[in-house]
Amino acid sequence: MECREQHLLIHSFLDGDIDELSNHRLQEHLRDCAECRQYLRELQKTVALVQSLSHVCAPSDFTNRVLAQLPAPSGMN
Ligand SMILES: [Zn+2]
């Protein structure tokens, strides 16, 4: 099975909505494929980070301030 398909399964796995058969195939693939193991680790780190951030109460204008700091899109005028 292609790694790209495994990546989709990894997303389902982290979402907790993977079915038994797909989970079995994913675990088999992860055993043989260092690339997909790495991908899973990276995603798990990201999930853990987001979850730890969600415990912090962000100021209500946090998103706006982040957006304001983004460079203005070029070539729009
Ligand atoms: Zn793979």
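Look up: the structure comes first, before these words.
The sections below set out a description of the structure shown in this document. (Residues numbered from 1 in each chain as written. Predicted model: local features only at pLDDT ≥ 70, side-chain atom pairs only at ≥ 80, totals over all residues. Heavy atoms only, no water.)

With respect to the packing of helix 2 (residues 20–32) against helix 3 (residues 34–54)
Point 1. Orientation of helix 2 relative to helix 3, taken along the N-to-C sense of each, is 110°, at an axis distance of 6 Å. Classified by the angle between their axes, helix 2 and helix 3 sit roughly perpendicular to one another. Here His29, Leu30, Arg31 and Asp32 of helix 2 lie close against helix 3, whose contacting residues are Ala34, Cys36, Arg37 and Leu40.
Point 2. Residues that form the contact of helix 2 with helix 3 fall into these classes: 4 nonpolar, 1 polar and 3 charged. (Axes fitted to C-alpha atoms, helices over the stretch in contact; angles between N-to-C directions. Helix = DSSP H or I, 4+ residues; strand = E, 2+ residues; numbered from the N terminus. Parallel < 35°, antiparallel > 145°, perpendicular 65-115°, else oblique. Contact = heavy atoms within 4.5 Å. Nonpolar A, V, L, I, M, F, W, Y, C, P; charged D, E, K, R; others polar.)

Some points on the coordination of the zinc ion
Point 1. Around the zinc ion, the protein contributes the donor atoms Cys3 (SG), His29 (NE2), Cys33 (SG) and Cys36 (SG), which lie 2.0 to 2.3 Å from the metal centre.
Point 2. The coordination sphere of the zinc ion comprises 4 donor atoms, whose angles at the metal cover 101 to 114°; the geometry is tetrahedral.
Point 3. Going along the chain, you hit the donors of the zinc ion in the pattern C-x25-H-x3-C-x2-C. (Donors = N, O, S within 2.8 Å, 3.2 Å for Na, K, Ca; no water. Tetrahedral: all angles 85-135°; square planar, octahedral: opposite > 155°, others 65-115°.)

Some thoughts on the nonpolar core
Point 1. If you look at the biggest cluster of nonpolar residues, it comprises 8 residues: Leu9, Ile10, Leu26, Leu30, Cys33, Cys36, Leu40 and Leu43.
Point 2. For this core, the elements supplying multiple residues, two or more each, are helix 1 (3–15), helix 2 and helix 3.
Point 3. The element contributing the most residues to this core is helix 3, with 3 residues.
Point 4. Dropping the residues within four chain positions of it, cysteine 36 is found in contact with Cys3, Gln6, His7, Ile10, His29 and Leu30. (Core = buried A, V, L, I, M, F, W, Y, C linked by side-chain atoms within 4.5 Å. Buried < 20%, exposed > 50% of the residue type's maximum accessible area, 1.4 Å probe, protein only.)

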